[in-house]
Amino acid sequence: MAQVTTGTLVKVLCCMCGVPITPNASNTCPTCLASQSDVTKGISTEATLHQCRGCQRWHVDSGKWMACELESRDLMSLCLKNVNGLNKSSSNSESVRLVDAGWIWTEPHSMRLKVRLTVQKEVQVGTILQQSFVVVFIVRNQQCIECQAEFRQGSWKSLVQVRQRVGHKRTFLYLEQLILKHGAHRGTLNIETFRDGMDFYFPDKGKAARFITFLENVVPIKCKTSKKLIGTDDKSNISNFKYTNLVEICPLCKEDLLYLPAKTARNLGNISRLVLVKNVTNVIHLIDPLSGQTAQLSPEVYWRDPIRPIITAGRSRFTRYVVLGKEAVILERNVSKKSATRRNKEKLATLTVAKEDDLGVNDLQIEERSHVGYLMKAGDIAVGYDLVDVQLVDDEAEEARAAGKFPDVIMLRKLYGGAATNEIDATKQRMFKLQRLEADIVDASKAKKDKKDKENDEMDEEDFLREIEADKEMRLNMNLYKTEVAMKKEKEDAATEDDDDDDQQVRLDELLDGLVLDDGPDKDMGEVQIDEDLPWGGIYQAGMMGEGEKAAKDGLNYLGREEALQVKTKDVAMPVETFGQQFMDKKFTFK
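Fair warning: this is a prediction, and the values are worked out from it, not measured in the lab. (Residues numbered from 1 in each chain as written. Predicted model: local features only at pLDDT ≥ 70, side-chain atom pairs only at ≥ 80, totals over all residues. Heavy atoms only, no water.)

### Concerning the overall build of the chain
And then number 1: When you go through the chain residue by residue, the secondary structure sums to 15 helices and 27 strands.
And then number 2: Counting over 591 residues, the chain shows a buried share of 42%.
And then number 3: For the chain, the proportion of contacts with a sequence separation of at least 24, taken over those separated by at least 6, is 68%.
And then number 4: Summed over all atoms, the accessible surface of the chain reaches about 34200 Å², with 47% contributed by carbon and sulfur. (Helix = DSSP H or I, 4+ residues; strand = E, 2+ residues; numbered from the N terminus. Buried < 20%, exposed > 50% of the residue type's maximum accessible area, 1.4 Å probe, protein only. Contact = heavy atoms within 4.5 Å. Areas by Shrake-Rupley, 256 points an atom, 1.4 Å probe, with all protein chains shown as cover.)

What follows is the structure, given as structure tokens:
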């Protein structure tokens with residue numbers, strides 16, 4: 001029987017340190033190999049990023065720009081795409097694998113971003129080295145296409161002209177708040193405002209179409225589109241057009257008094273023909289002020305047969321009343337009518353009122369039902385329509401009024417604060433203020449007309465603020481910010497308890513912080529609060545995250561100021577047993 005011998009593993013000495021090792025191509029141990037090798041060879045340690053100073057977006061490629069927050073994953077992905085030598089094909093024998101990336105704190109205003117990368121590479125069969133190094137990104141300013149277009153004359157491609165044929169601007173003031181809340185004005189090149197409307201200029205047709213879609217969802221409109229040929233290329237069959245979109249808003253406004261046609265009233269649930277416009281969204285909401293019954297009038301029905309209001313809401317048409325008393329109303333159910341909701345039934349009350357101008361002159365008192373009666377209490381001031389001494393424009397409505405089919409008064413809303421006491425500085429006493437769009441005001445041709453329009457605009461703004469004070473549903477669609485009056489009231493905690501039935505009054509929990517409207521020109525740098533530890537710029541901004549918070553939220557490493565001072569530009573390569581997980585996966589890939 002032959003004898004079986006076991007082979008002995010032959011070892012050789014390392015050519016540098018003399019340590020016994022398994023034979024390899026270089027006859028060098030992993031430690032010596034790491035000290036002599038550079039895994040980061042061929043990878044750039046400096047790159048350039050371009051940021052638009054106007055919109056703060058970052059340039060990606062091929063004219064594409066992207067909004068990225070500092071320390072975010074999106075910005076990290078953009079940085080890694082700009083590192084040469086890092087994105088080699090995996091089939092290449094000299095390719096490296098990125099296993100980790102993290103942000104490093106940089107000096108404020110340095111226009112630099114620093115990223116610490118950790119890569120791995122197989123330098124020979126069975127030997128994997130890992131090395132960390134720092135890549136510096138220099139930020140350069142470059143205007144994006146949209147910001148360039150803002151400084152060029154005639155650069156717009158699509159114009160949206162929004163118009164409403166009424167004598168006030170309250171609808172556009174409300175529309176302005178909706179635009180600000182939803183950010184629908186983003187992408188506009190310029191905004192111009194007129195007495196009867198606004199113009200929005202867009203760089204392309206698609207953005208204008210999205211804005212028109214937004215308008216359709218918030219107000220009843222109809223739209224007409226036209227285009228004008230600017231230039232054409234017969235060889236390539238390419239034409240350049242400018243598009244103009246005329247958007248007309250329904251002229252019915254909140255608190256307008258309507259006298260519906262008999263057929264329309266039957267189609268709307270057999271509602272009373274004398275109704276008020278409760279509010280206007282993408283449909284027109286109507287309410288019977290005497291029974292609380294509600295109905296909705298669609299834009300299609302209105303444009304098919306437009307209805308003219310018999311009284312248009314305006315300060316000149318309002319009459320101030322003093323509430324002397326109220327009594328709850330219980331309605332009997334009528335099966336032939338679409339009954340009012342339980343909520344609206346509970347709001348009905350019979351009010352005893354007198355004209356404010358008649359106090360001390362005569363003892364004339366009026367008793368009438370009202371859908372806002374639940375808000376009132378003795379001593380309150382309210383506004384309404386006086387239907388006794390009025391001449392209506394509609395012949396059929398005038399005949400019904402003369403025949404005594406109309407109530408003597410229709411109450412609209414309760415007045416609050418300085419508006420109730422008729423003080424001159426009522427605006428300064430309000431707890432809230434509104435943000436305004438940055439729009440160019442088109443001047444009137446004549447000085448007298450310009451002065452008159454300015455007075456009318458101030459009156460419309462005051463009337464709009466009074467509507468907001470008395471309508472909680474309107475306030476839900478806009479952002480209200482605290483004034484100094486609200487801040488003092490909050491600090492002193494001296495607010496008196498209001499009537500629990502009054503659910504329309506502005507409350508402190510509805511107001512937001514952080515809006516500064518009255519600071520005038522920009523402050524000097526000495527007045528701006530600066531923190532050198534902030535990761536970028538060092539200037540406090542509303543809602544800005546602290547140092548490293550955004551990176552931690554996105555799952556990225558972040559080295560603070562003290563740690564950043566001790567970081568080496570390039571570490572010594574170290575041997576590892578296995579490859580780590582690839583860092584740049586699909587979620588870092590731009591589409």
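After that view of the structure, there is still more to cover.
### A few points about the sheet that holds strand 22 (residues 409-414)
Adjacent strands of a sheet pair through backbone hydrogen bonds, lying either parallel or antiparallel.
And then number 1: Spatially, 20-19-18-21-22 is the arrangement adopted by the 5 strands of the open sheet, whose pairing is antiparallel. Each having just a single partner strand, strand 20 (366-370) and strand 22 make up the two edges of the open sheet. For this sheet, the mean inter-axis angle between neighbouring strands, taken without regard to orientation, is 45 degrees.
And then number 2: Pairing of strand 21 (residues 381-386) with strand 22, which is carried by 5 bridges, proceeds in the antiparallel orientation. (Pairing = 2+ DSSP bridges. Axes fitted to C-alpha atoms, helices over the stretch in contact; angles between N-to-C directions.)

### Re the pairing of strand 18 (residues 319-328)
And then number 1: Relative to strand 21, strand 18 runs antiparallel, the two being bridged by 4 bridges. Across the sheet, residue R320 finds its bridge partner in strand 21, namely V383.
And then number 2: In terms of strand pairing, strand 18 meets strand 19 (residues 349-355) through 7 bridges, oriented antiparallel. Bridge pairing links Y321 to K355 in strand 19.

### What to know about the packing of aromatic side chains
And then number 1: As enumerated under the stated definition, the model contains 8 aromatic pairs in all.
And then number 2: For the cation-ring pair, K227 lies above F241, with the distance from its terminal atom to the ring centre recorded as 4.5 Å. (Phe/Tyr/Trp six-rings, centres within 6.5 Å; stacked < 30°, edge-to-face > 60°. Lys NZ or Arg CZ within 6 Å of the ring centre and 35° of its normal.)

### Section: the confidence of the model for the chain
And then number 1: Residues with a pLDDT of 70 or more make up 81% of the chain, whose mean pLDDT is 80.
And then number 2: Considering only residues more than four positions removed or in separate chains, one finds that residues 494-499, a stretch of pLDDT under 50, has 5 contacts.
And then number 3: Low pLDDT, under 50, characterises residues 586-591; the stretch is placed with 13 contacts to residues that sit more than four places away or in other chains. (pLDDT = per-residue confidence, 0-100.)

### Digging into the side chain of Q51
And then number 1: Position of Q51 relative to the elements: it lies in strand 3 (residues 46-51).
And then number 2: A polar contact of 3.2 Å, which involves the side chain of Q51, links it to the side chain of Q56.
And then number 3: Setting aside anything within four residues of it in sequence, one finds Q51 in contact with Q56, R57, W58, W65, V139, R140, N141 and Q142. (Polar contact = N/O pair within 3.5 Å; in protein donor to acceptor, adjacent residues only side chain to side chain.)

### Regarding unusual backbone geometry
And then number 1: The phi dihedral of E71 falls on the positive side, at around 70 degrees, and the residue is not glycine.
And then number 2: Mapped onto the fold, E71 is located in the loop between strand 5 (65-66) and helix 2 (73-81).

### Digging into the environment of Q435
And then number 1: As for its placement among the helices and strands, Q435 is situated in the loop between strand 23 (432-433) and strand 24 (440-441).
And then number 2: C-alpha separation for the pair Q435 and K181, spaced 254 residues apart in sequence, amounts to 9.6 Å.

### Focus: the sheet that holds strand 24
And then number 1: As summarised here, the arrangement of the 6 strands in space is 12-13-9-11-10-24, forming an open sheet in which the pairing is mixed. Two strands lie at the open edges of the sheet, namely strand 12 (221-233) and strand 24, each paired on one side alone.
And then number 2: Relative to strand 11 (residues 197-202), strand 9 (residues 158-163) runs antiparallel, the two sharing 6 bridges. Looking across to strand 11, one finds that V160 is bridged to F200.
And then number 3: Running over the sheet, helix 5 (residues 205-218) touches strand 9, strand 11, strand 12 and strand 13 (238-249) and is turned about 20 degrees from strand 9.

### A word on the pattern of salt bridges
And then number 1: In total, this model carries 20 salt bridges according to the counting rule given.
And then number 2: Two residues, R466 and E462, come together in a salt bridge whose shortest N-O distance is 3.1 Å. Of this pair, R466 and E462 both sit in helix 11 (residues 447-469), separated by 4 residues, roughly a single helical turn.
And then number 3: Within this structure, R430, E462, R466 and E469 form a network of salt bridges that share partners. (Salt bridge = Lys/Arg side-chain N within 4 Å of Asp/Glu carboxyl O.)

### Quick notes on empty space enclosed by the protein
And then number 1: In the structure shown here, the tally under the stated rule is 2 cavities of 30 Å³ or more.
And then number 2: The space that makes up the second largest cavity amounts to roughly 40 Å³.
And then number 3: Around the second largest cavity, the lining residues are Q177, L180, K181, Q435, N479 and Y481.
And then number 4: It is helix 4 (residues 170-182) that contributes the most residues to the lining of the second largest cavity, 3 residues altogether.
And then number 5: When its residues are assigned to classes, the lining of the second largest cavity shows 2 nonpolar, 3 polar and 1 charged. (1 Å grid on protein atoms, 1.4 Å probe; cavity = no way out; pocket = protein on both sides within 12 Å on 5 of 7 lines; lining within 4 Å. Points joined across faces, edges and corners; volume = space filled by probe spheres on them. Nonpolar A, V, L, I, M, F, W, Y, C, P; charged D, E, K, R; others polar.)

### Considerations on the pairing of strand 20
And then number 1: Residues I366, E368 and S370 line the buried face of strand 20, whereas the alternating positions E367 and R369 sit on a face that is not buried.
And then number 2: With 5 bridges joining them, strand 19 and strand 20 adopt antiparallel strand pairing. Of the residues in strand 20, the one forming a bridge with A349 is S370.

### Comments concerning the environment of M66
And then number 1: Summarising the element assignment, M66 is placed in strand 5.
And then number 2: For M66, a relative accessible area of 23% translates into the label partly exposed.
And then number 3: In sequence terms M66 and C52 are 14 residues apart; their C-alpha atoms lie 9.9 Å from each other.

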